[in-house]
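Examining the three-dimensional arrangement
Take a look at the letters that make up each chain.
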Amino acid sequence: MSVRLAAVPGLPPLLACCGLLALWEIAARIFDISGLPPAHQALRELPAILGDRGSVLNILDSLRRMGLGFALALLAAIPVGLAMGRSRLVAAFFNPLLMTIYPVPKAALMPIIMLWLGVGDASKTLVIFLGVSLPVIYHSYQGARAVEEKLLWSAAAMGMAAPRRLTHVVLPAALPEIFVGVRTGLVLALITMVTSEMIARQAGIGNILFNSLDMALYDAVYATIVIVGILGFALDVGLERLRSWLVGWATPVHEMAVGTA
Amino acid sequence: MTTRRTFEILLGLLPIALVLGAWQALSASGLAPPSLLPAPHAVFARLVEQLGHPSFLRHAATTLWRLFAGFGIAVVIGVTAGVAATGSRTVEALLKPVVRVLAPVPKIALYPAFILILGFEHASKIALVAADATFPILLATYQGTSAVEPKLVWSALAAGTPRRKALFTVVLPAALPSVLTGCRIGLVISCIVVFLAEMITSADGLGHLLVYAARSFETVDMFVPLITISLLGLSLNAGFNALQRRLLIGFPEQG
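Because the structure is a prediction, the values reported are computed rather than measured.

1. A short note on the overall build of chain A
- Tallying secondary structure elements over chain A gives eleven helices and zero strands in all.
- Reported as C-alpha extents along the three principal axes, the dimensions of chain A are approximately 70 × 60 × 30 Å.
- Counting every position in chain A, which comprises 261 residues, the buried fraction comes to 41%.
- Counted over contacts in chain A with a minimum sequence separation of 6, partners at least 24 positions apart contribute 74%.

Right under this line is the structure:
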């Protein structure tokens, strides 16, 4: 029974959503505190938020910053990671620095970067860029390191020059692993985006969240959380589609990477 | 070989030295006023001074307590759920879609909800840390336990071990490398998240110290908690690595 249900694509996650909403509704009715409004009440707020021009512009602004930071990070991180994977020297050069930066909470740099670049787009985009870069570099590095040497030898034997080998052999061969990093990076981009806006408290969806909290609009708080949740899930599904379209030949070892959360 | 190794280590130290050098040069040249970018020696002197300060250590202890409480909860939930999903088809069918939906959701967005339900004190921060650290541990445990050689389990079952017991005495230990990797990732995530939560709303902890310093434009004091939490993350990561190596003596080398 469960096997046949699971065979319908998209159905299990949908059922999971319904289950989670039902749990929420029941919990809210049992505990009956103002801090936890029932699910239906929060969901009723959704059209109001999505119909409000200001909120929608704020959310779109957030997404634009996220997209920009994310794209810049991919442009910078993938070449660095691939170079690290193909050259021991480059790897030895970057590894210690990256290991040192790894545990720094990137969004926590926000107040310091704000001193230098102001509260505007630049600092938020930079923070997102920093947050996304590391996992993408790491996975591109692992992907490029694991490229089958014979592929490179064959290409070299057929007269392909080194730079072309990098773009025509290493990059496609490492692409499945790169996608693991990109997927982690996308989730991190969303996290850094929301967090930086919660810290800077000036614009964006993180700001809407805390403004509603300050004004005790609890339904709106929960509705905004639902919006962020849907964004996270939708972006992840979209990327997964793109992955299976681009590198469908490589089945991932695991459906989800451990570092995703 | 050894000279090559030393060369590579030195090469690795180069970018770190370059960053510190650029920082020193920027602040010494006067291009960046000290109020925007304090000199590195001022920051490190302040860090050493603060580390001897009882009130600073109290803030650090608060952060650590939240970190470990949340991480502990995450380990218990993550490992149990991961093992249960491997052990039972029903649990697996129930858990998989829920994880599929919740894992890519930025947990930090749940923080306001935790505040509303659990209050501004420890509980909401611990809950956020637990929510963030659970998923990597759960996924790693599930992936590790489901990859365990089935012959091991069959032997245990044939020898008369009850199925449930075999799960914890055979499958979990065999999956230890993967479980520990998940825990290490979860630990660093906990470190980052607890700091962010304290920055967003808090009256104590290292994250609060950063925000407090930012409000009064004490740039040096902004760097100190940030460096402290990063060093904490580095040393927890290194400590966990050492623990992992000790526990995994006899296991095949992990890629």
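2. Re the overall build of chain B
- On a plain count of helices and strands, chain B comes out with eleven helices and zero strands.
- Going from the N terminus to the C terminus, chain B shows its helices and strands as α-α-α-α-α-α-α-α-α-α-α.
- A principal-axis box enclosing the C-alpha atoms of chain B has dimensions of 75 × 60 × 35 Å.
- With 255 residues in all, chain B has 44% of them scored as buried.

3. Thoughts on the nonpolar core
- Of all hydrophobic cores here, the largest spans 134 residues; its most connected members are Cys191(B) and Leu196(B).
- Looking at this core, the element that brings in the most residues is helix H9 (residues 162-200) of chain A, giving 17 residues.
- Excluding residues within four positions of it along the chain, Cys191(B) makes contact with Pro103(A), Leu67(B), Ile229(B), Leu232(B), Gly233(B) and Leu236(B).

4. Some details on helix H7 (residues 121-145) of chain A
Residues and elements named next belong to chain A.
- Counted at 1.5 Å a residue, the expected span for H7 with its 25 residues is 36 Å, and the 36 Å between its end C-alpha atoms agrees.
- Bending of H7 peaks at approximately 30° at the position of serine 133, with proline proline 135 no more than four residues after it.
- Burial of H7 is extensive: 20 of the 25 residues sit out of reach of the surface.

5. Here's the deal with the interface of chain A and chain B
- At the junction of the two partners, chain A supplies 52 residues and chain B supplies 53 residues.
- Sorting the residues of the side of chain A that touches chain B by element identifies helix H1 (2-7), helix H2 (11-31), helix H5 (88-101), helix H6 (110-117), H9, helix H10 (205-214) and helix H11 (218-246) of chain A as the ones contributing at least two each.
- The biggest single contributor to the side of chain A that touches chain B is H11(A), with nine residues.
- A breakdown of the residues in the side of chain A that touches chain B according to their chemical character gives 41 nonpolar, ten polar and one charged.

6. Let's talk about unusual backbone geometry
- Unusually for a residue other than glycine, Ala216(A) sits at a positive phi of about 60°.
- One can find Ala216(A) in the loop between H10 and H11.
- Residues other than glycine seldom take positive phi values, yet Phe217(B) does so here, at roughly 55°.
- Take Phe217(B): there are 11 C-beta atoms within 10 Å of it, and that puts it in the exposed class.

7. Some details on the environment of Leu235(A)
- With respect to the helices and strands, the residue Leu235(A) is situated in helix H11.
- Through-space distance from the C-alpha of Leu235(A) to that of Arg183(A) is 9.2 Å; in sequence the pair is 52 residues apart.

8. Thoughts on the packing of helix H4 (residues 53-86) of chain A against H5(A)
All names here are of chain A.
- Contact geometry for H4 and H5: axes closest at 5 Å, N-to-C directions at 125°. Considered as vectors, H4 and H5 are oriented oblique to each other. The two elements H4 and H5 cross, and the hand of that crossing is left-handed. Counted together, Val80, Ala83 and Met84 of H4 and Val90, Ala91 and Phe94 of H5 form the full contact between these two elements.

9. Notes on the environment of Met198(A)
- Of note, Met198(A) is situated in helix H9.
- In this structure, the C-alpha to C-alpha distance between Met198(A) and Glu45(A), residues 153 residues apart in sequence, is 21 Å.
- Not counting the four nearest positions on each side in its chain, Met198(A) is found in contact with Gly206(A), Leu209(A), Phe210(A) and Ile200(B).

10. Regarding H6(A)
- All of the buried residues in H6(A) are Met110(A), Pro111(A) and Met114(A). Mapping the buried residues of H6(A) onto a view down its axis gives an arc of 95°, with all of them on the same face.
- Buried residues in H6(A) make contact with H7 and H9 of chain A together with helix H10 (206-215) and helix H11 (219-247) of chain B.
- Immediately beyond the C-terminal end of H6(A), within one or two residues, lies Gly118(A), with a positive phi of roughly 85°.

11. Description of the confidence of the model for chain B
- Scored by pLDDT, chain B has a mean of 87; 98% of the residues are at 70 or more.
- Two summary scores accompany this predicted model of the complex, namely pTM at 0.86 and ipTM at 0.83.

12. A closer look at the environment of Ala48(A)
- As for its placement among the helices and strands, Ala48(A) is situated in helix H3 (residues 39-51).
- Linking Ala48(A) and Ala223(A), residues 175 residues apart in sequence, is a C-alpha distance of 9.6 Å.

Rules used throughout
- Residues numbered from 1 in each chain as written.
- Chains lettered and ligands numbered in written order.
- Predicted model: local features only at pLDDT ≥ 70, side-chain atom pairs only at ≥ 80, totals over all residues.
- Helix = DSSP H or I, 4+ residues; strand = E, 2+ residues; numbered from the N terminus.
- Buried ≥ 20, exposed ≤ 12 C-beta atoms within 10 Å, placed from the backbone.
- Contact = placed C-beta atoms within 7 Å.
- Core = buried A, V, L, I, M, F, W, Y, C linked by C-beta atoms within 7 Å.
- Expected span 1.5 Å × (residues − 1).
- Bend = angle between axes of the 7 residues up to and from the residue.
- Nonpolar A, V, L, I, M, F, W, Y, C, P; charged D, E, K, R; others polar.
- Axes fitted to C-alpha atoms, helices over the stretch in contact; angles between N-to-C directions.
- Parallel < 35°, antiparallel > 145°, perpendicular 65-115°, else oblique.
- Left-handed = near helix turned anticlockwise from the far one by under 90°.
- Arc of directions from axis to C-beta.
- pLDDT = per-residue confidence, 0-100.

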